[in-house]
Amino acid sequence: MNAFEKFIAFIKFETSATQAPFTPYHVVMLSLFIAVTVILCIKAKDCTDKTFRNIIFIIWAVLFVFEIYKQLTAPFSVVDGKAKWDYNFNDIPYQFCSSIHYTLLPIVFLKDGKVRDAFLSFTMTFVFLAGLMVCIFPDQLKGMTSAGIILQTMLHHGLQVVAGAFIAIRMRNKLSLKFFLLGVITFLVFLVVALIFNIALSPDAIGGKTINFFYISPYHNCPLPVLGDIRKAVPWAVFFIIYFIGFNLLALLISFVFRLITKKMQPVKE
């Protein structure tokens, strides 16, 4: 191995003990994210717009640094003392949970308006939902042997929950059905872009490699719980409709819960 490969092997922090859902590590991390969310939503619920943008930028920066770490270490392994690189195309950061990378910076830098509201709405509902599902049922931890990747996985999805909840509390003046629908439009745009790539980069086009952004490819199964069974049982078009409607209903429920939580809170002074 060359010096760079030795460095990657070192920072990957391979361990003989794999993690699984609801181990002490998972419980501690989950408790930490709950604590951070509660503290942030209480202490910064009435922060200035500048402070709000700065906090969102810090969250994005942490996510970005750990995403770079993942992209460098995930495809790397050592086999019989030799470095091996095998990139999984589904690790390209354009999955449901990766969408936060593309929403936080517009929230930081865009002026107030419908476009920024669309990113805010999408992040506080759909992104929050995606992070919450993995935090509660982190099946991705099963079989992982890299302590660094395990940390990145939990940190990434935990910060999705933190960001979504904080946005909901800070932007409570705007919570409404109209505001929620802007998030639905954003979700649809993400899905359309994912579908275009999934179809254009078919298995034949990329030498049999799997591309399944948002897990809605017509060519591959969906690995998500419940949805995976539906994908196998019905035509793809029916699966896509169920996927879209299902996530929208869950996101609507989250929006409704946030609305109930913030209903009696004093409006933010703009």
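All figures in this text were calculated on a predicted structure; none of them were measured in a lab.

K.L.:
What is the right way to read the pairing of strand β2 (residues 82-85) from this model?
P.N.:
Regular strands place side chains that alternate from one sheet face to the opposite one. With four bridges connecting them, strand β1 (residues 76-79) and β2 associate as antiparallel partners. Pairing of V79 across the sheet is with K82, part of β2. Hairpin connection between β1 and β2: a loop of two residues separates the two successive antiparallel strands, and D80 in this loop has a positive phi of roughly 55°.

K.L.:
Explanation requested: the layout of surface pockets in the structure shown.
P.N.:
Its volume calculated, the largest pocket comes out at about 1300 Å³. As for the largest pocket, its lining consists of 46 residues, of which V134, Q140, H157, Y215 and L224 are closest to the centre. Of all elements in the fold, only α3 (49-73), α5 (114-136), α6 (147-170) and α9 (236-262) reach the threshold of two or more residues within the lining of the largest pocket. Split into classes, the residues belonging to the lining of the largest pocket amount to 23 nonpolar, 17 polar and six charged.

K.L.:
Help me understand the packing of α6 against α9, please; the structure alone is not making it clear to me.
P.N.:
The angle between the axes and the distance between the axes are what describe a pair of packed helices. The geometry of α6 relative to α9 is characterised by a closest axis approach of 10 Å and an angle of 50° between their N-to-C directions. By the angle between their directions, the pair α6 and α9 is classed as oblique. Note on packing geometry: the crossing formed by α6 with α9 is right-handed. Across the interface between the two elements, G164, A165, A168 and I169 from α6 touch F258, I261 and T262 from α9. For the contact of α6 with α9, a count of residues per class yields five nonpolar, two polar and no charged.

K.L.:
Would you take a moment to explain the packing of aromatic side chains for this structure?
P.N.:
What characterises a pair of aromatic rings is the spacing of the ring centres plus the angle enclosed by the ring planes. For the structure on display, the rule yields 28 aromatic pairs. For R170, the ring lying beneath its charged end belongs to F52, and the centroid distance is 5.5 Å. Across from the ring centre of F239, 5.7 Å away, lies the NZ or CZ of R231, which sits over that ring.

K.L.:
What should I look at first to understand the nonpolar core in this one?
P.N.:
For soluble globular proteins, the rule of thumb is that nonpolar side chains tend to be buried together. Of all hydrophobic cores here, the largest spans 73 residues; its most connected members are F52, F96, F126, F187, F214 and Y243. Residue assignment for this core shows that the elements contributing at least two residues are α1 (3-12), α2 (24-43), α3, α4 (100-109), α5, α6, α7 (177-200) and α9. Looking at this core element by element, the count peaks at 13 residues for α6. Discounting residues that sit within four places of it in the chain, F96 has contacts with F122, F126, A130, F187, F214, Y243 and F247.

Analysis parameters
Counting starts from 1 at the beginning of each chain's written sequence and moves along it residue by residue. This being a predicted model, a pLDDT of at least 70 is required before a residue's local features are given, and a value of 80 or more before pairs of side-chain atoms are given or counted; all residues contribute to the totals for chains, interfaces and linings. Each side-chain value is worked out from all heavy atoms of the structure, with water and hydrogens disregarded. Between any two strands, pairing holds if DSSP finds at least two bridges. Strands are runs of DSSP state E lasting at least two residues, helices are runs of H or I lasting at least four, and both sets are numbered from the N terminus onward. The distinction between a cavity and a pocket rests on a 1 Å grid over the protein atoms alone: a 1.4 Å probe fits inside a cavity but cannot get out, while a pocket stays open yet meets protein on both sides within 12 Å along at least five of seven lines, and a residue with an atom within 4 Å of a point counts as lining. Grid points are joined across faces, edges and corners, and a volume is the space filled by probe spheres set on the points. Residue classes follow a fixed rule: Ala, Val, Leu, Ile, Met, Phe, Trp, Tyr, Cys and Pro count as nonpolar, while Asp, Glu, Lys and Arg count as charged, and any other residue, Gly among them, counts as polar. For helices, the axis comes from a line fit to the C-alpha atoms of the stretch in contact; other axes are also lines fit to C-alpha atoms, and the angle between any two N-to-C directions lies between 0 and 180 degrees. When describing relative orientation, an angle under 35 degrees is termed roughly parallel and one over 145 degrees roughly antiparallel, while 65 to 115 degrees is termed roughly perpendicular and anything else oblique. Each crossing gets its hand from how the near helix is turned against the far one by less than a right angle, where anticlockwise is left-handed and clockwise is right-handed. The contact rule is simple, with two residues in contact once any of their heavy atoms fall within 4.5 Å. A pair of Phe, Tyr and Trp rings is counted when the ring centres sit within 6.5 Å of each other, with Trp represented by its six-membered ring. The angle between the planes then sorts it: under 30 degrees is stacked, over 60 is edge-to-face, the rest tilted. A positively charged side chain is recorded as over a ring if its NZ (Lys) or CZ (Arg) lies within 6 Å of the ring centre. The angle to the ring normal must also be within 35 degrees. In this text, buried Ala, Val, Leu, Ile, Met, Phe, Trp, Tyr and Cys residues form a nonpolar core when linked through side-chain atoms within 4.5 Å. Note on exposure labels: buried denotes an accessible area under 20% of the residue type's maximum, exposed denotes more than 50%, and partly exposed covers the range between, all computed with a 1.4 Å probe on protein chains only.

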